[in-house]
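Residues per chain, in single letters:
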2 protein chains.
Amino acid sequence: MAQLEVTLGVDIGGTNTVFGYVDRSGRVVSESSIPTQAHEPASVFFKRLHAAAEALLAGIKEDCRLMGIGIGAPNANHFKCTIESPPNLSWVFVDVAAEMKQYYTVPVSLTNDANAAALGEMLFGAAKGMRDFIVITLGTGLGSGLVANGEMIYGADSFAGEIGHTTVDPNGRACGCGRKGCLETYASATGICRTMLELMCDRMDASRLRSIPPDKITSHLVFDAAQQGDVLAIEAFEMTGRTLGAKLAESVVHTSPEAIILVGGLAAAGDLIFKPTKRSMEEHLLNIFRNKVKILPSGLKEGNTAVLGASALIWDILDKTKH
Amino acid sequence: MAQLEVTLGVDIGGTNTVFGYVDRSGRVVSESSIPTQAHEPASVFFKRLHAAAEALLAGIKEDCRLMGIGIGAPNANHFKCTIESPPNLSWVFVDVAAEMKQYYTVPVSLTNDANAAALGEMLFGAAKGMRDFIVITLGTGLGSGLVANGEMIYGADSFAGEIGHTTVDPNGRACGCGRKGCLETYASATGICRTMLELMCDRMDASRLRSIPPDKITSHLVFDAAQQGDVLAIEAFEMTGRTLGAKLAESVVHTSPEAIILVGGLAAAGDLIFKPTKRSMEEHLLNIFRNKVKILPSGLKEGNTAVLGASALIWDILDKTKH
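All of the points below concern the structure found in this document. (Residues numbered from 1 in each chain as written. Chains lettered and ligands numbered in written order. Predicted model: local features only at pLDDT ≥ 70, side-chain atom pairs only at ≥ 80, totals over all residues. Heavy atoms only, no water.)

## Focus: the overall build of chain A
- The secondary structure content of chain A amounts to 8 helices and 13 strands.
- Its C-alpha atoms give chain A a radius of gyration of 20 Å, within 12% of the compact-globule value 20 Å for 323 residues.
- By principal-axis analysis of the C-alpha atoms, chain A measures approximately 65 × 45 × 35 Å.
- Out of the 323 residues in chain A, the part that is buried amounts to 58%.
- Taking the contacts inside chain A whose residues are at least 6 apart along the sequence as the reference set, 63% of them involve residues at least 24 apart. (Helix = DSSP H or I, 4+ residues; strand = E, 2+ residues; numbered from the N terminus. Rg over C-alpha atoms; globule rule 2.2 N^0.38 Å. Buried < 20%, exposed > 50% of the residue type's maximum accessible area, 1.4 Å probe, protein only. Contact = heavy atoms within 4.5 Å.)

Structure, rendered in structure tokens:
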């Protein structure tokens, strides 16, 4: 029987690390997870990861050949293959290349989650066959991955794609980055909760969310309320889409993407977020770009997204070095 | 004697078309110009261009071999090699590839002036050896050319790089594009004249420009006044730089360039425009990008810029297809 070529895709999260073996067609052959336990040294983590990945591989019935390893992680430096001062992880600096070299001889590549998501969509999802597109991840923050000419844009220092930190209002909401009015303080899971508070302040309409302490309001609660006709919750999605769409119109004039793909928690709200975003983007677009740029949901199956993205990172490199 | 490989670089302007033969090192071997006379059909123009370019070639003492032709023009569609509804030219649609094929068998490529300027800087100027940078042309409007991974970003429809139409203020100055508050209404040769008017309205300081009719104020007059200590003219440069720098900070988070190169008429003002632009960009940058992005003047000799840019367009293609 011929060997099945697979890559290992790893997504390092604050609580759990998911990983899986993925073939060139984007099929997740097998998948598992371990707790990240970032209070322990990174070397302990990579040892546990290797053991768990080997055990998973041993359990696969097909005869697999490991071609490479792709890793998605917060604050990843793609060029240096290092993780630097990651939020939610107590590691200060991790030389991922050196850690992995102790266990593997295959190529290893590292990038942040938003770039991995973009590559996942390009190889296996909604951006299949596209050479120019942008992926926006609407999670706790707003991440982005830009692809032009079929290549990920890493930029001079590998930190390109921080659209979440373009400015909506220089006197606006405080951002975790220390500045004010960044896009991600409006358009993200936490952003929509802040918008909900703004609406409860500015307007007098009744809302079921008025009975919930502000620090207990989640984007899921706002979504549920909107689904059930809560006027302010619906307006919160409208405002989020309007703000996001206006700023996406500015991203379009930079790279002229064929599509912008919205993924992550808030994107799961579907029309509630897609419709106002699309409408606002079209309103704000320079005329030569109007009615050209698609706004699409992820083309990846829910759940495997992070593993597929990380695996796509290394498949993309293997594909390009073949020639 | 060995043949000298040259390309023909052509820059089609509203009044004049300049063209010249350029070798691979960026030396302009010979250069000339003809009036564009766009009131005549485009076919007449290309016939005249061919005759003039042949005459110029015949006058060169070295034995030249023409490798290709690069053309910079307004509203150029790079992918289709067409010019569509160009401003300041009465041609509605020109199939440049078809026109040139009547006279030449070598490769022909077309793009807009800002992209040509970016390629000129990459091959022969300030961006030599850089793979990620942005060129901003500060002329009548604000044009831009973005390069990532060593490749020009044309985007899905070849119109990428319209940073002049990002929004400074949604309720701001009317823009030629039909919208309001676009960056180019503030940061360009015409933008600084409008800023001068705003300052003469808002402030009471004396200014020599108060005695000049608004439609006679040029960026050169503002520059001359600033040079001679005119308080409002100096402030006009400050405001222009502040606005430009703040928006460039938003471009940086998109593509993480190694440098941003300011070229064109207004960039000739030197420190008057570079200093406030750099200061404002740093103030507005996300921390991970601070003190990393250079703001540079053109590395091309004045005068040959447009010809070198157009020639770089085709040299870049010839270089890349060699492999």
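## Things to note about the interface of chain B and chain A
- Contacts between the two partners involve 38 residues from chain B and, on the opposite side, 38 residues from chain A.
- Both sides together, the interface formed by chain B and chain A hides about 2,900 Å², and carbon and sulfur atoms give 58% of it.
- Linking chain B to chain A there are 4 salt bridges.
- With its nearest N and O atoms 2.9 Å apart, the salt bridge here joins Asp157 of chain B to Lys292 of chain A.
- Counting every contact that joins chain B to chain A gives 20 residue pairs in polar contact (both at pLDDT 80 or more). (Buried area = accessible area lost by both parts, 1.4 Å probe. Salt bridge = Lys/Arg side-chain N within 4 Å of Asp/Glu carboxyl O. Polar contact = N/O pair within 3.5 Å; in protein donor to acceptor, adjacent residues only side chain to side chain.)

## Some points on the relation of the copies chain B and chain A
- At an RMSD of 0.0 Å, chain B and chain A line up after a rotation of 180° and a shift of 0.0 Å along the axis. Classification of the inter-copy transformation places it as that of a two-fold axis.
- A shared binding surface is used by both copies, with 100% of the interface residues of chain B retained as interface residues in chain A. (Least-squares fit on C-alpha atoms with pLDDT ≥ 70 in both.)

## Notes on the packing of aromatic side chains
- By the definition in use, this model includes 10 aromatic pairs over all chains.
- Residues Phe79 of chain A and Tyr154 of chain A carry aromatic rings whose centres are separated by 6.0 Å and whose planes lie at 65° to one another, so their mutual orientation is edge-to-face. With Phe79 of chain A in the loop between β5 (76-77) and β6 (82-84) and Tyr154 of chain A in the loop between β11 (151-152) and α4 (189-202), this pair connects stretches of sequence that are 75 residues apart.
- By relative accessible area, Tyr154 of chain A is classed as buried at 8%.
- With 5.0 Å between their ring centres and 80° between their planes, Phe45 of chain B and Phe46 of chain B make a pair best called edge-to-face. Here Phe45 of chain B and Phe46 of chain B have matching classes, each one buried.
- Taken together, the ring pairs connect Phe45, Phe46 and Trp91 of chain A into an aromatic cluster. (Phe/Tyr/Trp six-rings, centres within 6.5 Å; stacked < 30°, edge-to-face > 60°.)

## Brief notes about the packing of helix α5 (residues 219-227) of chain A against helix α6 (residues 231-255) of chain A
Residues and elements named next belong to chain A.
- Contact geometry for α5 and α6: axes closest at 7 Å, N-to-C directions at 115°. As for how α5 packs across α6, the hand of that crossing is left-handed. The segment α5 lies against α6, with Val222, Phe223, Ala225 and Ala226 engaging Ala233, Ile234, Ala236 and Phe237.
- When grouped by side-chain class, the residues that make up the contact of α5 with α6 number 8 nonpolar, no polar and no charged. (Axes fitted to C-alpha atoms, helices over the stretch in contact; angles between N-to-C directions. Left-handed = near helix turned anticlockwise from the far one by under 90°. Nonpolar A, V, L, I, M, F, W, Y, C, P; charged D, E, K, R; others polar.)

## Points about the pattern of salt bridges
- In the structure shown here, the tally under the stated rule is 38 salt bridges over all chains.
- A salt bridge links Arg27 of chain A to Asp23 of chain A; the nearest nitrogen and oxygen atoms lie 3.4 Å apart.
- Glu282 of chain B is the salt-bridge partner of Lys278 of chain B, the closest N and O atoms lying 3.1 Å from each other. In this pair, Lys278 of chain B and Glu282 of chain B are both assigned in helix α7 (residues 271-284), 4 residues apart and thus about one turn of the helix distant.
- The buried category is assigned to Glu282 of chain B, whose relative accessible area is 13%.
- Residues joined by salt bridges that share partners form a network here, namely Glu235, Glu238, Arg242 and Arg279 of chain A.

## Observations concerning the pairing of strand β1 (residues 4-12) of chain A
All names here are of chain A.
- In terms of burial, β1 is largely enclosed, as 8 of its 9 residues are buried.
- Strand direction decides the pairing type here: β1 and strand β4 (residues 64-72), joined by 8 bridges, are parallel. Paired with Asp11 across the two strands is Gly72, which belongs to β4.
- Where β1 lies against strand β2 (residues 16-23), 7 bridges are found, and the strand directions are antiparallel. Note that in β2 the partner of Gly9 across the bridge is Gly20. (Pairing = 2+ DSSP bridges.)

## Remarks on the sheet that holds β4 of chain A
All names here are of chain A.
- Across the sheet, which stays open at both edges, the 5 strands sit in the order β3-β2-β1-β4-β8 with mixed pairing between neighbours. Each having just a single partner strand, β3 (28-35) and β8 (108-111) make up the two edges of the open sheet. Each strand of the sheet is rotated relative to its neighbour by a mean of 20°, with strand direction disregarded.
- Sheet strands in contact with helix α1 (residues 42-58) are β1, β2, β3 and β4, and its direction is about 40° off that of β2.

## A short note on the nonpolar core
- Ile260 and Leu262 of chain A together with Ile260 and Leu262 of chain B are the most contacted members of the largest nonpolar core, which totals 96 residues.
- In this view, Ile260 of chain A contacts Ile134, Ile136, Leu248, Val252, Met281, Val293, Lys294, Ile295 and Leu296 of chain A; residues no more than four positions away in its chain are not counted. (Core = buried A, V, L, I, M, F, W, Y, C linked by side-chain atoms within 4.5 Å.)

## Digging into helix α4 (residues 189-202) of chain B
- Under the 1.5 Å per step criterion, the end-to-end length of α4 of chain B is 20 Å for 14 residues, consistent within 8% with the ideal 20 Å.
- Tucked inside the fold, the buried residues of α4 of chain B contact α5 (219-227) and α6 (231-255) of chain B. (Expected span 1.5 Å × (residues − 1).)

## A look at the sheet that holds strand β13 (residues 294-297) of chain A
Residue and element names in this part refer to chain A.
- Ordered in space as β11-β10-β9-β12-β13, the 5 strands form an open sheet in which the pairing is mixed. Only two strands of the sheet have a single partner each, and these edge strands are β11 and β13.
- Inspection of the sheet shows strand β9 (residues 133-138) paired to strand β12 (residues 259-263) by 5 bridges, in the parallel sense. Opposite Thr137, over in β12, you have Val263 as the bridge partner.

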